[in-house]
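Topology and contacts: notes
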2 protein chains.
Amino acid sequence: MDVDYGFVLSLINMNKGVINLKKPSIKDVAKKAGVSPTTVSRYLNNRGYISEKTRNAISQAMKEINYYPNEVARSLYTNKTNLVGLIFPTTNNPFFGELIYYIEEALYQRNMKALVCNSINNVEVEKDYINMLHANRVDGIIIGSHNMLLEDYKTPNLPIVAVDKPVDYDIPNVSCDNYGGTVMAVNELLKKGCKKIVFISGKRLESSYEDDREKAYIDVMEKLQRKPKILEVPFSDSPAEKERKVRKLLITNRDIDGICTSDDMLAATVIRISMELGIRIPEDLKVIGFDGTETVLSFMPFLTTIKQPIKEIAYKAVDILIHEIEHKERKAMEINFPVTLIKGKTI
Amino acid sequence: MDVDYGFVLSLINMNKGVINLKKPSIKDVAKKAGVSPTTVSRYLNNRGYISEKTRNAISQAMKEINYYPNEVARSLYTNKTNLVGLIFPTTNNPFFGELIYYIEEALYQRNMKALVCNSINNVEVEKDYINMLHANRVDGIIIGSHNMLLEDYKTPNLPIVAVDKPVDYDIPNVSCDNYGGTVMAVNELLKKGCKKIVFISGKRLESSYEDDREKAYIDVMEKLQRKPKILEVPFSDSPAEKERKVRKLLITNRDIDGICTSDDMLAATVIRISMELGIRIPEDLKVIGFDGTETVLSFMPFLTTIKQPIKEIAYKAVDILIHEIEHKERKAMEINFPVTLIKGKTI
């Protein structure tokens, strides 16, 4: 019944011709239009009188040879590049993918473009990128990755906004209500009668700042005079390492009946390992995640989670950054958007 | 048992102080170092004799006031920006998120940076971005989005590589073996005894090119003298519209026993709607996806799918682009990497 198909590497070099690549210059435009390079330059900079006929010839020549006026040169004059650097751990994650998407959408509406940098949670990569962004004269930076020693971001030269997690109290921060969202999550588990609730934290910060989600869990536990139990599964761990840690927790603590995770990827890992171990969800174990991205809700519509208003966070961060750029001043502030509970079937 | 928490918008403007933002200039460096701006300029451009003492003073001044040499100005001289434009529909999708991540990683190793543009599958947005990339003098472009009229990409001015799907036979293309992968997927369904196999296509291309995945399905069906049935669910449809189309297909064609989708997001939609309708997978209906990203396999480890070697595709595309940039020539070629079958539990 099978149709034959050889599964070998099909590497076909069609080699149907070679095209020589060359960026056209003002000289090429001048030659094509039959005028001097100075005239083209005057046309581009809107200086001095140029006849209608010459204008048309230059415009036509530019079109024909695909000449684009050089924004790089222009930006030296205006001291504005309309570029914004985004420093994030990775695009390869539903939460950051969605956040970057909406930041870029908001910037585009303001006629600005994004330079996206994936720091891969590596301090050296992040340092390289921040130097590159400075050197390329971006108009501002939006940070969603926080490995850098704080002083590297504190230079007063550049408009800057942090999203998701705070970098420093001097830098404006836009995020969801991380503290309130986690209290909401733990309360849902308590309502369902969970006796032993564990928090799994995908720690990302190499900073002295407390993690609001972790803090909220600890506060609730202490208020109830229960002993908090936290499993740390750093964001930078490999998928195999994350699985190993979660498996060990579930095998060695059979009395756990509620798990609250700091992101949905971790909730997915818990659910997967539970299935493997024959732990029934939600009968034996209740699980609640955090983030509620479009991608995760599409793959796991059954997941109970705390949904962040990602689009609102993105738009607000861009608003604040543009205010900094236009007014050349930075105001310390912290904006926390409310979250919502998505009622799935895992608690 | 609940801990009280008021779920109101907590918008706290800490307003702990205002910082004035100003980019330092060569003049500021000169003033700080106690030398003339010309001397600083000579230092930066490595021209003429400057004493050890003056060098140290300038270097120290640059550090103290956070002055970064202007790459924008430098790029005008070298005619090289070390920037590569990436045009993709969106970062908000596991496949593109992972592909962009690895492209950026490969570029970073070559000392180049990415300008990521999300075209949102909108022709106007894509046109704006391509103009912006030209104007910002990127060294090259990697395209994974193909709304543009072909001629817009065919300008011989710029090094360019297409990934995932071909743009034009003149432009090098790197993708997985889309045709072979789909033949593999349909064969798996045939092996399991499926009698009525439907292909669900998340069409992205606004081009005259045939979709290799769709074509492979049609070829196999015709070889077996079966009537092909294709449901088109464009990539740009809203999630609700995609669900509506899939639901209608499943309700009105109860005899379908095998579904092959052109991406995993569509497979996830089919599985979700099937669960709702009480259609058992794999007993009543077998489903096989395409792409096999790390994110999807983490959320749906039970999915049977065709896995693309995304990292290899990314690295090869960057290799080819850098060859074009360095040799100032473009060779037409098509490189198809082999795919692998991930045996899950959905067929």
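Before reading further, recall that the structure is shown in the block above.
Remember, it's a predicted structure, so these values are computed and weren't measured experimentally.

Moving on, we come to the overall build of chain A. From N to C terminus, chain A includes 13 helices and 15 strands. Expressed as a percentage of the 347 residues in chain A, the buried residues total 56%. Partitioning the contacts of chain A with sequence separation of at least 6, the portion at a separation of at least 24 is 68%.

The subject of this paragraph is the pairing of strand β5 (residues 140-143) of chain A. Residues and elements named next belong to chain A. Side chains Gly140 and Ile142 of β5 all project onto a buried face; the interleaved residues Ile141 and Ile143 project onto the opposite face, where all are buried too. In this sheet, β5 lies alongside strand β3 (residues 83-88) in parallel orientation, the contact comprising 4 bridges. Counterpart to leucine 86 in the pairing with β5 is isoleucine 142. As paired elements, β5 and strand β6 (residues 160-163) share 3 bridges and run parallel to each other. Residue pairing for β6: isoleucine 143 is matched across the bridge by alanine 162.

The next subject is the sheet that holds strand β15 (residues 340-342) of chain B. All names here are of chain B. Ordered by their spatial adjacency, 6 strands build an open sheet running β9-β8-β10-β11-β12-β15, and the pairing between neighbours is mixed. This sheet does not close on itself; its edge strands, each paired only once, are β9 (229-232) and β15. Ignoring which end each strand starts from, the neighbouring axes of this sheet average 25 degrees apart. Sheet topology note: the strand β8 (residues 197-201)/β9 ladder contains 4 bridges and is parallel. When the bridges of β9 are listed, valine 198 appears paired with lysine 229. Across the sheet, helix α11 (residues 264-277) touches β8, β10 (258-261), β11 (286-291) and β12 (305-307), and the angle it forms with β11 is around 155 degrees.

Residue and element names in this part refer to chain A. According to the stated counting rule, one finds 10 aromatic pairs over all chains in the structure shown. On the basis of an interplanar angle of 75 degrees and a centroid distance of 5.1 Å, the ring pair of tyrosine 101 and tyrosine 102 is categorised as edge-to-face. For the pair formed by tyrosine 101 and tyrosine 102, the shared burial category is buried. Taken together, the ring pairs connect Phe88, Phe95, Phe96 and Phe235 into an aromatic cluster. For the cation-ring pair, lysine 242 lies above phenylalanine 235, with the distance from its terminal atom to the ring centre recorded as 5.4 Å.

All right, on to the environment of isoleucine 200 of chain B then. All names here are of chain B. Among the secondary structure elements, isoleucine 200 is positioned in strand β8. When the C-alpha positions of isoleucine 200 and glycine 289 are compared, they lie 9.7 Å apart, and in sequence the two are 89 residues distant. Dropping the residues within four chain positions of it, isoleucine 200 is found in contact with Leu231, Val233, Leu249, Ile259, Cys260, Thr261, Ser262, Leu266 and Val270.

Okay, the packing of helix α8 (residues 178-191) of chain A against helix α9 (residues 212-223) of chain A next. All names here are of chain A. Where α8 meets α9, the axes come as close as 8 Å, and the angle between the chain directions of the two elements is 45 degrees. In terms of axis orientation, α8 runs oblique to α9. Handedness of the α8/α9 crossing: right-handed. In this structure, α8 contributes Asn178, Tyr179, Thr182, Val183, Val186 and Leu190 to the contact, and α9 contributes Asp212, Arg213, Lys215, Ala216, Tyr217, Asp219, Val220 and Met221.

All names here are of chain A. A sheet is described by the order of its strands in space; here 6 strands give the open sequence β9-β8-β10-β11-β12-β15, paired in mixed fashion. In the strand order of this sheet, the two ends are held by β9 (229-232) and β15 (340-342), each with one partner. Between one strand axis and the next, the sheet turns through 25 degrees on average, direction left out of account. Bridge analysis of strand β12 (residues 305-307) against β15 gives 3 bridges, and the strand direction is antiparallel. Bridge pairing links isoleucine 306 to leucine 341 in β15. Taken strand by strand, α8 contacts β8 (197-201), β10 (258-261), β11 (286-291), β12 and β15, and its axis lies near 165 degrees from that of β11. Packed onto the sheet, helix α11 (residues 264-277) meets β8, β10, β11 and β12 and runs at close to 155 degrees relative to β11.

Rules and cut-offs
Residues numbered from 1 in each chain as written. Chains lettered and ligands numbered in written order. Predicted model: local features only at pLDDT ≥ 70, side-chain atom pairs only at ≥ 80, totals over all residues. Heavy atoms only, no water. Helix = DSSP H or I, 4+ residues; strand = E, 2+ residues; numbered from the N terminus. Buried < 20%, exposed > 50% of the residue type's maximum accessible area, 1.4 Å probe, protein only. Contact = heavy atoms within 4.5 Å. Pairing = 2+ DSSP bridges. Axes fitted to C-alpha atoms, helices over the stretch in contact; angles between N-to-C directions. Phe/Tyr/Trp six-rings, centres within 6.5 Å; stacked < 30°, edge-to-face > 60°. Lys NZ or Arg CZ within 6 Å of the ring centre and 35° of its normal. Parallel < 35°, antiparallel > 145°, perpendicular 65-115°, else oblique. Left-handed = near helix turned anticlockwise from the far one by under 90°.

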